[in-house]
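What follows is the residue order along each chain.
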Amino acid sequence: MSASTPQVSNNRAILFPGQGSQFVGMGRDLYETFPIARQTIDEADAILSSMPPSLPSSPQQEKGYLKKVMFEGPQEELTRTENAQPAILTTSIALLRVLETEQGLDLKESCRFALGHSLGEYSALVATRALSLADAVRLVRIRGDAMTKAVTDKKGMTAMSALVVRVSKLDDLVKAMHDIQLELLSTGEIAEIANINSSFQVVISGTVKGVDHASKSLQFRKIAAKAVDLPVSAPFHCSLMEPAARVMKDALADIQFQQPIIPVISNVQAQPIASSNDISGLLVQQVTDTVQWSQSMANLHSRQHDISDYICIGPGKVICNLLRKEYPLDTIRSISTVEDIKQWKL
């Protein structure tokens, strides 16, 4: 079978990364090599340059700004939430479109499910034709901007921390976090589970003091082995993001979603989205709720679905590395560069 021949698979899913996978230079090789990638990145760039900038002094309205920050940085500018989110989405869709046009990938024929980590859920919706790229780019710029502005009054006193969970302690961690939240209730500090990424990695989010207290408490209880502070501009997926959720509810109100061509797994439900009518509400809920990535993977891996072949499309290898550690016997492929595309074989 040639690389360009679609192959029906009963055990394959396509995955898209979220924020944190960005890097300076992302998408540049694609842009210089494939016309469809140039078209995709230029389309996103034009849409963003027509939108109001996040800050009055920002150069975001300059034509070519997205390309410049993706290809040349600086890293600090690319990492800003309102830039990173559209950059990751655009690169992911450019990669997918190159696979479709150059290598004959047919998503409907070759994959049973699609899902994306947090921001990556928008990429999954574009990939499955539920959402247009133009609408998705606008939405994630608004989303990133709203997330940053949601905690402006906290003056930097928010945090996210990645915890290494001890073997077989994930359930204990979830229960312990409930107790810790009760302890913090009278203090006004916040610590909540933002992402359950795997059986060995959980991210908590909230105020600096709340996250610090939770991290130390979980390590003292021998539930978490260590904690690593994450360099992010806002505490994603926690109740502090309520203002951003309200912004997204308004932004999503006029968006017309189509039924995905293959089922998309919801971050907050860890199950396929039942109807296109449910998508807006789930995307609003996702802003403040825990990303149930580990449960999503476990459900796909269950006897009911028996998924064991994963294509990870987007910058970086974060979700690939998580999967390889959790499911070392599965087929897990990363598509993030021109070289990966050239070596593609379904």
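Residues numbered from 1 in each chain as written. Predicted model: local features only at pLDDT ≥ 70, side-chain atom pairs only at ≥ 80, totals over all residues. Heavy atoms only, no water.

Student: Explain the overall build of the protein residue by residue, including any values.
Tutor: Helix and strand content of the protein: 15 helices and eight strands. For 346 residues, the compact-globule estimate of 2.2 N^0.38 gives 20 Å, and the protein sits close to it at 20 Å. Its C-alpha atoms put the protein at 60 × 50 × 35 Å along the principal axes. Restricting the contact set of the protein to residue pairs at least 6 apart, pairs at least 24 apart contribute 73%. Averaging the locations of the 34 positively and 37 negatively charged side chains of the protein gives two centres separated by 3 Å. (Helix = DSSP H or I, 4+ residues; strand = E, 2+ residues; numbered from the N terminus. Rg over C-alpha atoms; globule rule 2.2 N^0.38 Å. Contact = heavy atoms within 4.5 Å. Lys, Arg positive; Asp, Glu negative; His and termini not counted. Charge placed at Lys NZ, Arg CZ, Asp CG, Glu CD.)

Student: So what's going on with the environment of Ile-93? Residues and values would help.
Tutor: Looking at where Ile-93 falls in the secondary structure, it is placed in helix 5 (residues 81-102). On the accessibility criterion, Ile-93 (2% relative accessible area) is buried. In sequence terms Ile-93 and Leu-133 are 40 residues apart; their C-alpha atoms lie 8.1 Å from each other. In this view, Ile-93 contacts Thr-40, Ser-123, Val-126, Ala-127 and Leu-133; residues no more than four positions away in its chain are not counted. (Buried < 20%, exposed > 50% of the residue type's maximum accessible area, 1.4 Å probe, protein only.)

Student: Residues and numbers for the pattern of salt bridges, please.
Tutor: Counting across every chain of the model gives 14 salt bridges. Across the pair Asp-309 and Arg-12 runs a salt bridge, and its minimum N-O distance is 3.2 Å. Of this pair, Asp-309 sits in strand 7 (residues 309-313) while Arg-12 sits in strand 1 (residues 12-16); the two residues are 297 residues apart in sequence, bridging distant segments of the chain. Across the salt bridge formed by Arg-138 and Asp-135, the nearest N and O atoms sit 3.4 Å from each other. Note that Arg-138 and Asp-135 are positioned in helix 8 (residues 133-149) at a spacing of three residues, about one turn of the helix. (Salt bridge = Lys/Arg side-chain N within 4 Å of Asp/Glu carboxyl O.)

Student: Account for the sheet that holds strand 7, naming residues and giving values.
Tutor: Strand order in the open sheet made by the four strands is 2-1-7-8, with parallel pairing throughout. Both edges of this open sheet fall to strand 2 (113-116) and strand 8 (331-335), since each of them pairs with a single strand only. Between one strand axis and the next, the sheet turns by 20 degrees as a mean value, whatever way the strands run. Of the strand pairs in this sheet, strand 7 and strand 8 are connected by five bridges, and their pairing is parallel. Its bridge partner lying in strand 8, Tyr-310 is registered against Ile-332. (Pairing = 2+ DSSP bridges. Axes fitted to C-alpha atoms, helices over the stretch in contact; angles between N-to-C directions.)

Student: Describe helix 10 (residues 208-220), naming the residues involved and giving the relevant values.
Tutor: In a regular helix each residue adds 1.5 Å, so 13 residues correspond to 18 Å; helix 10 covers 18 Å between its end C-alpha atoms and thus fits that length. Within the span of helix 10, buried status applies to Gly-210, Val-211, Ala-214, Ser-215, Ser-217 and Leu-218. Buried residues in helix 10, looked at end-on, bunch into an arc of 170 degrees, giving them a common side. Exposed side of helix 10, more than 90 degrees from the buried face: Lys-209, Lys-216 and Phe-220 are the residues found there. For helix 10, the elements touching its buried residues are strand 3 (158-165), helix 9 (170-184), strand 4 (191-198), strand 5 (201-207) and strand 6 (224-229). Once helix 10 finishes, Lys-222 follows within two positions and takes phi at roughly 65 degrees, a positive value. (Expected span 1.5 Å × (residues − 1). Arc of directions from axis to C-beta.)

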